[in-house]
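As a plain string of letters, each chain reads:
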Amino acid sequence: MTSKVLSLRMDSELFARLHDHAAKRGLTVQDYVLRTLVRDDFDQRFQAAVEETERFYGRT
C-alpha cells in the first residue's frame, strides 16, 4: 500500500487537545488521528452492513 500526505491547518488549541489525547495513549498525533479515522471508517462500514442485513432478513 502506498501512502499519501494530507496536510491540515488547525488552531493551536485543537492541536494541543489532540496531542494530549495521543500522549495519554502513548501515540504520536499522526498515529492518533489515523487510528481515529480508521475506527470511524470501520464504524460506518459496519453500520451499513448491519442495515443491509436488516433489510435483507428483517429486524429481529
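Look a little higher up for the structure.
1. Focus on the environment of Gln30
Link 1 in the chain: Looking at the secondary structure, you find Gln30 in helix 2 (residues 29–57).
Link 2 in the chain: Given the relative accessible area of 56%, Gln30 is considered exposed.
Link 3 in the chain: For the pair Gln30 and His19, spaced 11 residues apart in sequence, the C-alpha separation works out to 9.2 Å.

2. A short note on the nonpolar core
Link 1 in the chain: One finds Leu18, Ala22, Leu27, Val29 and Tyr32 forming the largest nonpolar core, which totals 5 residues.
Link 2 in the chain: Every element with two or more residues in this core is listed here: helix 1 (12–24) and helix 2.
Link 3 in the chain: Apart from residues lying up to four places away in sequence, Leu18 is in contact with Met10, Val29, Tyr32 and Val33.

3. A word on helix 1
Link 1 in the chain: In this model, helix 1 (13 residues) spans 18 Å end to end at C-alpha, consistent with the 18 Å of a helix rising 1.5 Å per residue.
Link 2 in the chain: Two or three places before Glu13, at the opening of helix 1, Asp11 has a side-chain oxygen 3.2 Å from that residue's backbone nitrogen.
Link 3 in the chain: Immediately downstream of helix 1, the backbone of Gly26 shows phi near 70 degrees, a positive value.

What counts, and at which threshold
- Residues numbered from 1 in each chain as written.
- Predicted model: local features only at pLDDT ≥ 70, side-chain atom pairs only at ≥ 80, totals over all residues.
- Heavy atoms only, no water.
- Helix = DSSP H or I, 4+ residues; strand = E, 2+ residues; numbered from the N terminus.
- Buried < 20%, exposed > 50% of the residue type's maximum accessible area, 1.4 Å probe, protein only.
- Core = buried A, V, L, I, M, F, W, Y, C linked by side-chain atoms within 4.5 Å.
- Contact = heavy atoms within 4.5 Å.
- Expected span 1.5 Å × (residues − 1).
- Polar contact = N/O pair within 3.5 Å; in protein donor to acceptor, adjacent residues only side chain to side chain.

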